[in-house]
Amino acid sequence: MDFLNAIVLLLNYLFVPALSYGSQLALGAIFVSLIYGILRFAYFTAGDLMSFGTMFTILFTWYFQSLGINLGFLPTALLAMPFGIVITILYVLIKDKLVFSYYRTQKSPPVMLAMVSIGTMFVTQAIVRIVIGPFDRRFFDGEKFILKANEFKEMTGLNEGLTIKSTQVITLLVTIIVVSILFWFLNRTKTGKSMRAYSDNEDLALLSGIDPKKVVMITWIIAAILATIGGALYGLDKSFKPFTYFNNMLPIFAAAIVGGIGNPFGAFLGGYVIAFSEILLTYAYRKFFVYILPESLEPDGLLQLLSTDYKFAVSFSILVIVLLFRPSGIFKGKVL
Amino acid sequence: MRKNLDVISAYTIMLGLIILVGFLQSWNMALSILCFCLISAVMTMGANIQWGYAGLINFGIMGYTALGGLAAVLVSVPPVKEAWQVGGFNMILCAFLIALIVFSVRFIIKKYNKSAKKNYGIAAVIIVGLILLRLISGPAIESIEAVNPATTGFLGGMGLPILFSWIVGAFFAGALAYIIGKIALGLRADYLAIATLLISEIVIAVIKHEDWLARGVKNVIGLKRPVPYEVDLQTKEWFINLVEKFNQGALNLITDTLERQELLKQLVIESSTVFVKLCFAGLFTVVVIILLIITQKALYSPWGRMMRAIRDNEEAANAMGKNVVKQHLLIFVLGSAIVGIAGAMMVTYDGLFTPGSYRPMRYTFLIWVMVIVGGSGNNFGAILGGFAVWFLWVEAAPIALFLINFFTSGLEETNAFRVHLVNSIPYFRFLMMGVGLLLIMRYRPRGILPEKIKHI
């Protein structure tokens, strides 16, 4: 019984939160990795693009709520998300036309493009803050919990409760669907294959008649879709605040690099690596050991490897270690 | 004279703008803008050495700035004796332990050949060391932080004049840069950018949460100043006389003695803040000029030419027998040290150290905007960038307000859209920075004052 309690404890505080946080990071990391592979620069606007998409999702959510439209036990944001995606796609395509396309035709070095993306980061951040303000926003509605701690305790008769928030399940389901469609698209369709070819060897791809404009456009569209979905899921699960989204850029980059930048599948796993290590290393294991060890051996400290203040630092340290020993990331393999 | 015309005219316009602020808003405002412009100029010089001279991207400027600020605290605050008594010995022991770990790891690396066993050995040393550190420092940190937590709760500093911290800050930042350089300089350009950005976040996390070091997010306030305090000035005879002399005209207009006294008192209070800021501006100008002379000399020396050669063609420079790795590390350390000076200067000016305020937007990306806008590779350009961008950063709000009022003048005062825009004025500065950066990168990619290379 104690053993089961210990397992449930870990599930509740470690596994479930890490899984949903990891999914949100993974979605971000995949599009950063895609942009790096195909457009060949570090896209510093990543976090702010996510907040841009989320902002429009929230605006549409409010609009639907004012019309009285809702999805019952599901959050209205799910209905608003496609509209947010469309606007974000328009935004990135306009941005590409006005800003990035010039540097592509000039064949500027990647560093130049990264700097330009800092410029667009400032602009995007300004737009988000001017339109919706810098404050914390919650836009979740519908059924909050799928499984409440008390219900679980009654059901199983254990001491420890297991709480599963509906946002966590939604995050996981949406991530699985989106990521499987994405990998199906990249591996099975002609356009996806041409994107991979372009990422592998640009000159060869151009010689074999691949239209670079189309490849670039599809990349931006995928980026906008993933950014909006990832951002909206994060906002549903926690809350929407532009500054947090900007900060999320850092673990996202860490995930993309740990997974081997330019390799979307690696980035996908990288998101979970970062999320799990952040939570595993900063969790206080005291209660867990109280359950599994005999009473005489009970620990007296918190048994926390690192204080939670260092959550961010953990992912960055992992990144530094990976960069030191495997600069091409954990899952190098094929490019893209 | 002729060939420097662009530099001279650009700087004249810049100073003219600051003086204009003095006339239109207040001299206090103009001088504080000037002080921060000078601090920004030091930061951009540091970043410019790395990016403009050597082509290294360093997105960790925030980390070095914070370390400079930490130096200001550790140098100027008097030591907290009680805290040293309760935890000092253990902390010194920890310092030795860290040194021991570093040396034993180095020893293993040098002594043994590459193998899995060696990696395990290093890992074992580090893990055992960390556990020991935790055991020794844990109780000490707890007792240090318990010493009068409302005002101290940290080890304190050395109680030296704060001006020393400008040098100490440079050493701190340089030391950090040495470690980061050893780890990350082999990476490709954009990897290096991301790695340094993340490492600077780690530095901030440590400063924020290690309360025994500098009180963390509880902030250290009331740092000693290298210049007089306003309150002291207001009672000094010579200062009152000086103010009286300057404002002779205005004072003579008033015949009533009581009223005259009142006006003089007000003028003294106003001028004391201006005087303090003038002193700061003077100090900062000295630093900027010294750094400018040194960097300018370095740029046109054989060493500067070598750096340019490395920047423009690494392989060719390597083939000519230049040690690229070593020079990269050197310039990384030098540039970061200059940023460290700026960090210490800033904390000195503010008189307080607030780790929570270090954010990458303000301390890393804004500095990069300054370097790019001003002109990388040209010291005068970098300084101008620091001035121009900081000026715009501060004055963005009034400009935005003016523009909003101009464009929405057709709408009513209470129109929801207009009110919303007026309320979000602070965020227009991001828009201006972004648009400015994009425009400069598109139409003047080498900055306002581009790099000039003498062809021999």
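Please read these numbers as outputs of a predicted model, since none were measured by experiment.

Trainee: What is the right way to read the state of the cysteines from this model?
Mentor: When the sulfur atoms of two cysteines share a covalent bond, that bond is a disulfide. Counting across every chain of the model gives 0 disulfides over all chains. Here Cys-279 of chain B is not disulfide-linked; the sulfur of Cys-35 of chain B is the nearest cysteine sulfur, at 9.8 Å.

Trainee: Before we go on, may I ask you to explain the packing of helix α2 (residues 46-67) of chain A against helix α4 (residues 110-132) of chain A in this structure?
Mentor: To characterise two packed helices, one gives the angle between the axes of the helices and the distance between these axes. Residue and element names in this part refer to chain A. Packing of α2 against α4 brings their axes to within 9 Å, and their N-to-C directions diverge by 20 degrees. By the angle between their directions, the pair α2 and α4 is classed as roughly parallel. Like other packed secondary-structure pairs, α2 and α4 cross with a definite hand, here left-handed. Residue-level inspection shows Asp-48, Leu-49, Ser-51, Phe-52, Met-55, Ile-58, Leu-59 and Trp-62 of α2 in contact with α4, the latter providing Met-121, Thr-124, Gln-125, Ile-127, Val-128, Val-131 and Ile-132. When the residues that make up the contact of α2 with α4 are grouped by side-chain class, the tally is 11 nonpolar, 3 polar and 1 charged.

Trainee: I keep staring at the interface of chain A and chain B and nothing clicks. Help me out?
Mentor: Reports often express the size of an interface as the amount of accessible area lost when the parts come together. Taken together, the contact between chain A and chain B spans 46 residues of the former and 45 residues of the latter. Of the roughly 4100 Å² buried where chain A meets chain B, counting both sides, 78% is carbon and sulfur surface. At the boundary of chain A with chain B, the tally comes to 0 salt bridges. Elements that contribute at least two residues to the side of chain A that touches chain B include exactly α3 (77-105), α4, α10 (242-258) and α13 (311-325) of chain A. The biggest single contributor to the side of chain A that touches chain B is α4 of chain A, with 16 residues. Grouping the amino acids of the side of chain A that touches chain B by side-chain chemistry returns 38 nonpolar, 6 polar and 2 charged.

Trainee: Help me understand the side chain of Thr-167 of chain A in this model?
Mentor: All names here are of chain A. Here Thr-167 lies in helix α6 (residues 166-188). By relative accessible area, Thr-167 is classed as buried at 5%. A polar contact of 2.9 Å, which involves the side chain of Thr-167, links it to the side chain of Asp-237. Leave out the neighbours within four places in its chain, and Thr-167 touches Phe-140, Leu-236 and Asp-237.

Trainee: Sorry if this is basic, but what is going on with the packing of α10 of chain A against α13 of chain A here?
Mentor: All names here are of chain A. Viewed as axis vectors pointing N to C, α10 and α13 meet at an angle of 30 degrees, and their least axial separation amounts to 9 Å. If you check the angle between α10 and α13, you find them roughly parallel. The handedness of the crossing between α10 and α13 comes out as left-handed. Note on element contacts: α13 touches α10 through Phe-312, Ser-315, Phe-316, Ile-318, Leu-319, Val-322 and Leu-323, opposite Asn-247, Leu-250, Pro-251, Ala-254, Ile-257 and Val-258. Of the residues assigned to the contact of α10 with α13, the class counts are 11 nonpolar, 2 polar and no charged.

Scoring rules and cut-offs
Residues numbered from 1 in each chain as written. Chains lettered and ligands numbered in written order. Predicted model: local features only at pLDDT ≥ 70, side-chain atom pairs only at ≥ 80, totals over all residues. Heavy atoms only, no water. Disulfide = S-S within 2.5 Å. Axes fitted to C-alpha atoms, helices over the stretch in contact; angles between N-to-C directions. Helix = DSSP H or I, 4+ residues; strand = E, 2+ residues; numbered from the N terminus. Parallel < 35°, antiparallel > 145°, perpendicular 65-115°, else oblique. Left-handed = near helix turned anticlockwise from the far one by under 90°. Contact = heavy atoms within 4.5 Å. Nonpolar A, V, L, I, M, F, W, Y, C, P; charged D, E, K, R; others polar. Buried area = accessible area lost by both parts, 1.4 Å probe. Salt bridge = Lys/Arg side-chain N within 4 Å of Asp/Glu carboxyl O. Buried < 20%, exposed > 50% of the residue type's maximum accessible area, 1.4 Å probe, protein only. Polar contact = N/O pair within 3.5 Å; in protein donor to acceptor, adjacent residues only side chain to side chain.

Any functional reading would require information that these geometric values do not contain.
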